[in-house]
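# Overview (structure and organization)
What follows is the residue order along each chain.
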Amino acid sequence: MLSRTADHLFWMSRYTERAENTARMLDVNYQSSLLPQSAAVAQLGWQGLLSISELGGLYSSKHDKISSHDVMEFMVKDESNPSSIVSCLRAARENARAVRGSLTTEVWETANSTWLDLNRMLKTGEFEADPAQFFEWVKFRSHLSRGVTLGTMLQDDAFYFLRLGTFLERADNTARLVDVKFHAVESDFYGAASEKDQEYDFYHWSAILRSVSAFEVYRKVYRDVITPERVAELLILRADMPRSLHASLNEVLSNLEMVAGNPASETLRRAGKLRADLKFGRIDEILATGLHAFLTQFLDRVNELGSHVSREFLVPVQN
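Residues numbered from 1 in each chain as written. Predicted model: local features only at pLDDT ≥ 70, side-chain atom pairs only at ≥ 80, totals over all residues. Heavy atoms only, no water.

## Notes on the pattern of salt bridges
What counts here: In what follows, salt bridge is the name for a side-chain nitrogen of Lys or Arg lying within 4 Å of a carboxyl oxygen of Asp or Glu. Put simply, DSSP H or I for four residues or longer makes a helix, DSSP E for two residues or longer makes a strand, and each gets a number counted from the N terminus. The buried label applies to any residue whose accessible area, calculated with a 1.4 Å probe on protein chains only, is under 20% of its type's maximum; exposed applies above 50%, and partly exposed to all values in between.
This model, assessed by the stated rule, comprises 27 salt bridges. For D78, the salt bridge identified is with K62, shortest N-O distance 3.7 Å. In this pair, D78 sits in the loop between α4 (68-76) and α5 (85-98) while K62 sits in the loop between α3 (56-60) and α4, placing the two residues 16 residues apart along the sequence. For D78, a relative accessible area of 16% gives the class buried. Here R230 ties to D224 by a salt bridge, and the two come within 3.2 Å at their closest N and O atoms. What emerges from the salt-bridge pattern is a single network uniting E17, E20, R24, R146, R170 and R243.

## Here's the deal with the environment of E169
Put simply, the rule reads: Note on contacts: a residue pair is in contact if any heavy atoms of the two residues lie within 4.5 Å.
Among the structural elements, E169 can be located in helix α9 (residues 157-184). Here the alpha-carbon distance between E169 and I66, two residues 103 residues apart in the chain, equals 26 Å. Residues within four places of E169 in sequence aside, it is in contact with R14, E17 and R18.

## A closer look at helix α6 (residues 105-123)
Our working definition: What a helix is expected to span follows from its residue count: subtract one and scale by 1.5 Å.
Helix length check: α6, at 19 residues, gives a terminal C-alpha distance of 27 Å against a target of 27 Å (1.5 Å per residue), a fit within 8%. For α6, the set of buried residues is V107, W108, T110, A111, N112, T114, W115, L118, M121 and L122. Contacts made by the buried residues of α6 are with α1 (3-33), α4, α5, α7 (126-129) and α8 (131-152). At the C-terminal side of α6, G125 shows a positive phi close to 80 degrees.

## Things to note about the packing of α5 against α6
Note the following rule: Here the axes come from fitting lines to C-alpha atoms, over the contacting stretch only for helices, and the angles between their N-to-C directions go from 0 to 180 degrees. Each helix crossing is assigned a hand: it is left-handed if the near helix lies turned anticlockwise from the far helix by less than a right angle, otherwise right-handed if that turn is clockwise. Classification used: nonpolar for Ala, Val, Leu, Ile, Met, Phe, Trp, Tyr, Cys and Pro, charged for Asp, Glu, Lys and Arg, polar for all others including Gly.
α6 packs onto α5 with a crossing angle of 150 degrees between their chain directions and a minimal axis gap of 9 Å. In the packing of α5 onto α6, the handedness of the crossing is left-handed. Here I85, V86, L89, R90, R93, A96 and R97 of α5 come into contact with α6, specifically with W108, A111, N112, T114, W115, L118 and L122. Among the residues making up the contact of α5 with α6, the classes are represented as 9 nonpolar, 2 polar and 3 charged.

## As for unusual backbone geometry
Even without a glycine there, the phi angle at E54 is positive, about 55 degrees. A relative accessible area of 61% means that E54 is categorised as exposed. For R223, which is not glycine, the phi torsion reads 50 degrees and is therefore positive. Looking at the secondary structure, you find R223 in the loop between α11 (215-222) and α12 (228-236).

## Re the nonpolar core
Convention followed: In these notes, a set of buried Ala, Val, Leu, Ile, Met, Phe, Trp, Tyr and Cys residues joined through side-chain atoms within 4.5 Å is what counts as a nonpolar core.
Among the nonpolar cores identified, the biggest contains 99 residues, and F134, F135, I236 and L256 are the most heavily contacted of them. For this core, the element with the highest residue contribution is α9, accounting for 14 residues. Ignoring sequence-local partners within four residues, the contact set of I236 consists of V178, S244, L245, H246, L278, I286, L291, F294 and L295.

## A word on the packing of aromatic side chains
Test applied: In summary, the pairing rule links any two rings of Phe, Tyr or Trp, Trp by its six-membered ring, whose centres are within 6.5 Å, and it sorts them by plane angle into stacked for under 30 degrees, edge-to-face for over 60 and tilted for everything else. Charge over a ring is defined by NZ of Lys or CZ of Arg lying within 6 Å of the ring centre and within 35 degrees of the ring normal.
Taken as a whole, this structure holds 11 aromatic pairs when the rule is applied. Here a set of aromatic residues connected by ring pairs shows up, and it is made of F127, F134, F135 and W137. Its end group placed over the ring of F215, R210 keeps NZ or CZ at 3.9 Å from the ring centre.

Structure (structure tokens):
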């Protein structure tokens, strides 16, 4: 496959996944903001969302203060923000258009109609009227895109690059979410004793689980109260949890193996080593050495892996 074609397919799926993850984080923050809480706590939540995407500086250059309205506008409608939902879905559609011949009609029409519907919804004010419903729509369109890809695409190199982009992006986003959300909870709340703090704990960890569609999964797996250690284990090490780091790296590795012509590929080696650390890792060891340090290193390694994928298979220019 031509490296330029592979590049467009890879980034098409990454941008679609990024739009979904942005919608998930915004939805959880929006739902949490409806709960009784102080203005300071609410502001921390929106500040954390900007930190996850490393957009604090860009936001500050446009807005004087952090507010739910401004952050949501910035993360949904601001075309100068490369990680906003409108920017991601536009980029996904443009990448799909560039490789129209490598996609089935259904995959192309899904990407194209998503972009057209998004523009209509933003013009008619549907986002402002019901943000929660809008975020559900973004998630649904991402689900639809993956489903149509899986259900109609020939499982050749084009398919593998689409899947590779999806799960590399998912690993990055899940790691950022876990890192920022765990970092935001001060020691006062960690294993808190008071009833008020325990209630805060429950809503905080429930929100994190819901942001990755893992609340019901947690209940099924652990059948117990929500604790930070188990949330971390579920989202990092559980291979049967679809949005966990382990599950994401399993998919990254399996799709890399399908496109790598050289078994001694450095990209393949790095992916295998990173997956092995998750496969044989234990949550007590990770927490003992420091969750933040582990996730920071993980993000660095995922970014390096993405760079190696670009150098070995894709067009060597920034997308």
